[in-house]
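Residue-level structure breakdown
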Amino acid sequence: MSRNTRAVLHGDALRHNYQMSKQRTGQAESLAVVKANAYGHGLSWVVRTLHDADGFCVASVDEAAEIRDMNVHQRILVLEGIQSIEDAVLAQALGLDLVVHHHTQLDWFKAACCDLSSITLWVKLDIGMSRLGFNAQQIEAAWQSCGALSQSRILMGHLAYADDLDSSDTARQLARFEAIRSRLRPDRVSLANSAGILAWPDSHADLVRPGLMLYGLSPVKGRSADEFDLKPVMSLRSRVISVRECQQGDRIGYGGSYTCPDRRQIAVLAIGYGDGYPVAASNRADVLIRGHRCPVVGRVSMDMTCVDVTVLESISVDDEAILWGGCLTADDVAQSSGVLNYELICGITRRVESRPLLDQDASLR
Ligand SMILES: Cc1ncc(COP(=O)(O)O)c(C=O)c1O
């Protein structure tokens, strides 16, 4: 790959983080959330690496079909459920688990005329996010309608505030869920995402849906991934393609948003927003080169990013630059750039070469 911009992927870290979900939640099934190309980490690599996971969650029937094509026989849950009559037919043929959050989906099931008796329907209760799901008045009818299609039903909810340990909203959401659970008496229920798994034991229930934590980022505000014993899965790396000396007053990049205060050594890296490195990192984030944190200067452009490497005793074209990895975590970069950590990792684009770490690559750890 001539640009030499790579996402180095640590399979042992991914497996470790999945085990953290299992350890925290006892007997619960842990369904690894791998939507959006496994949060930018590569769907097929993640699914193969977690080949013995209890199951997987995706956003759409198309994503689920991609996983079934890999000969995966475990449970695959489609979090947004079917979007058409054709989806209903395909989901039934593939034996997918389906979220049901809207009565239109029930109409599509009926129109598709397929036998759903062996399909598990996850009936979604809106416990306060006002996004998907039936409210407290609608849920009983939806539960009965799903029961007419399949006896295998799970009552599910989704936590909207679990990342905030100081918020009283999660306790309120749990109470709303409990009130409906005691009315409907489902055999199985599911509530917890990563933050629920790590910080809200009362949300664990029968099946959990870990996403962000699998990739080694923190789902809880003010707490590091390390505090939860999570290990970073991706390290984003590129190379120096040019080094130049700039003088006092020289302005760097499009729009000249950085002006050199004195003589500065500036290195240009072969990575930019076309690779998923965010413009928001401009003049805010650091990059690791030769073990030092070097600040990003000027606006990140599509293919290149400039960093101030004046602190380095020496620097050469072709030196490696670590955008995140090692002691500079993706959480650090997200925080200093002011972007959501989820958005940062999901933004990695196809032109970044994925390089699963092999045992002999000790130097990349
Ligand atoms: C319904 C549902 N469950 C679980 C998850 C996983 O969440 P997290 O990545 O915070 O663990 C998501 C992610 O968006 C989701 O939409």
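Residues numbered from 1 in each chain as written. Predicted model: local features only at pLDDT ≥ 70, side-chain atom pairs only at ≥ 80, totals over all residues.

1. Topic: the overall build of the protein
When its secondary structure is counted, the protein shows 11 helices and 18 strands. Taking 21 Å as the expected radius of gyration for a compact globule of 365 residues, we find that the protein reaches 23 Å, a close match to that expectation. For the protein, the residues scored as buried account for 45% of the 365 residues in total. Considering only contacts within the protein whose residues lie at least 6 apart along the sequence, 61% involve residues at least 24 apart. (Helix = DSSP H or I, 4+ residues; strand = E, 2+ residues; numbered from the N terminus. Rg over C-alpha atoms; globule rule 2.2 N^0.38 Å. Buried ≥ 20, exposed ≤ 12 C-beta atoms within 10 Å, placed from the backbone. Contact = placed C-beta atoms within 7 Å.)

2. Some points on the domain arrangement of the protein
The extent of an interface is frequently quoted as the accessible surface area lost upon association of the parts. The assigned domain composition of the protein is domain 1 (10–219) and domain 2 (234–364). Of note, the centres of domain 1 and domain 2, computed from C-alpha atoms alone, are 36 Å apart. The interface is formed by 12 residues belonging to domain 1 together with 12 residues belonging to domain 2. Top contributing element to the side of domain 1 that touches domain 2 by residue count: helix 2 (residues 35–40), with 3 residues. Residue classes in the side of domain 1 that touches domain 2 are distributed as 6 nonpolar, 6 polar and no charged. (Domains from an automatic or database assignment. Nonpolar A, V, L, I, M, F, W, Y, C, P; charged D, E, K, R; others polar.)

3. Digging into the environment of valine 296
When you line up the elements, valine 296 lands in the loop between strand 15 (292–295) and strand 16 (305–308). For valine 296, a count of 26 C-beta atoms within 10 Å translates into the label buried. Each residue touching valine 296, except ones within four places of it in the same chain, is listed here: Ala281, Ser282, Asn283, Arg284, Ala285, Val287, Thr305 and Val307.

4. Some remarks on the site of the ligand
Every residue near the ligand is listed here: Val33, Leu79, His158, Asn193, Ser194, Ala195, Arg209, Pro210, Gly211, Leu212, Met213 and Pro219. Its residues assigned to classes, the shell around the ligand shows 7 nonpolar, 4 polar and 1 charged. (Near = placed C-beta within 6 Å.)

5. Regarding the packing of helix 4 (residues 61–68) against helix 5 (residues 85–94)
Interhelical geometry of helix 4 versus helix 5 gives an angle of 25° and a closest axis separation of 10 Å. With respect to helix 5, the axis of helix 4 lies roughly parallel. Considering how the two elements wind past one another, helix 4 and helix 5 form a crossing that is left-handed. Along the contact surface, helix 4 presents Val61, Ala64, Ala65 and Arg68, while helix 5 presents Asp87, Leu90, Ala91 and Leu94. For the contact of helix 4 with helix 5, a count of residues per class yields 6 nonpolar, no polar and 2 charged. (Axes fitted to C-alpha atoms, helices over the stretch in contact; angles between N-to-C directions. Parallel < 35°, antiparallel > 145°, perpendicular 65-115°, else oblique. Left-handed = near helix turned anticlockwise from the far one by under 90°.)

6. What to know about the packing of helix 5 against helix 6 (residues 103–112)
Where helix 5 meets helix 6, the closest approach of the two axes is 8 Å, and the angle between their N-to-C directions is 70°. What the angle tells us is that helix 5 and helix 6 run roughly perpendicular. Two packed elements cross with a definite hand, and for helix 5 against helix 6 that hand is right-handed. In this structure, helix 5 contributes Ile85, Ala88 and Val89 to the contact, and helix 6 contributes Trp108, Phe109, Ala111 and Ala112. In terms of residue class, the contact of helix 5 with helix 6 is built from 7 nonpolar, no polar and no charged.

7. What to know about helix 4
Listed in full, the buried residues belonging to helix 4 are Val61, Glu63, Ala64 and Ile67. Take helix 4 and look down its axis: the buried residues cluster within an arc of 155°, on one side only. For helix 4, the secondary structure elements touched by its buried residues are helix 2, helix 3 (43–49), strand 3 (55–58), strand 4 (75–78) and helix 5. (Arc of directions from axis to C-beta.)

8. Structural notes on the nonpolar core
Membership of the largest hydrophobic core comes to 108 residues, with the highest contact counts inside it found for Phe56, Val78, Val287 and Val307. In terms of domain composition, this core takes at least three residues from each of domain 1 (10–219) and domain 2 (234–364). Not counting residues within four places of it along the chain, the set of residues in contact with phenylalanine 56 comprises Leu31, Ala32, Val34, Val47, Ile67, Gln74 and Ile76. (Core = buried A, V, L, I, M, F, W, Y, C linked by C-beta atoms within 7 Å.)

9. Considerations on helix 10 (residues 330–337)
Taken together, the buried positions of helix 10 are Ala330, Asp331, Val333, Ala334 and Ser337. The buried residues of helix 10 occupy an angular sector of 165° when projected down its axis, which confines them to one face. Elements in contact with the buried residues of helix 10: strand 10 (234–246), strand 17 (320–324) and helix 11 (341–346).

10. Let's talk about unusual backbone geometry
A positive phi angle, near 70°, is found at asparagine 71, a position not held by glycine. Here asparagine 71 is to be found in the loop between helix 4 and strand 4. Located in the positive-phi region is aspartate 318, a residue other than glycine, with phi close to 85°. Turning to its location among the elements, aspartate 318 is positioned in the loop between strand 16 and strand 17.

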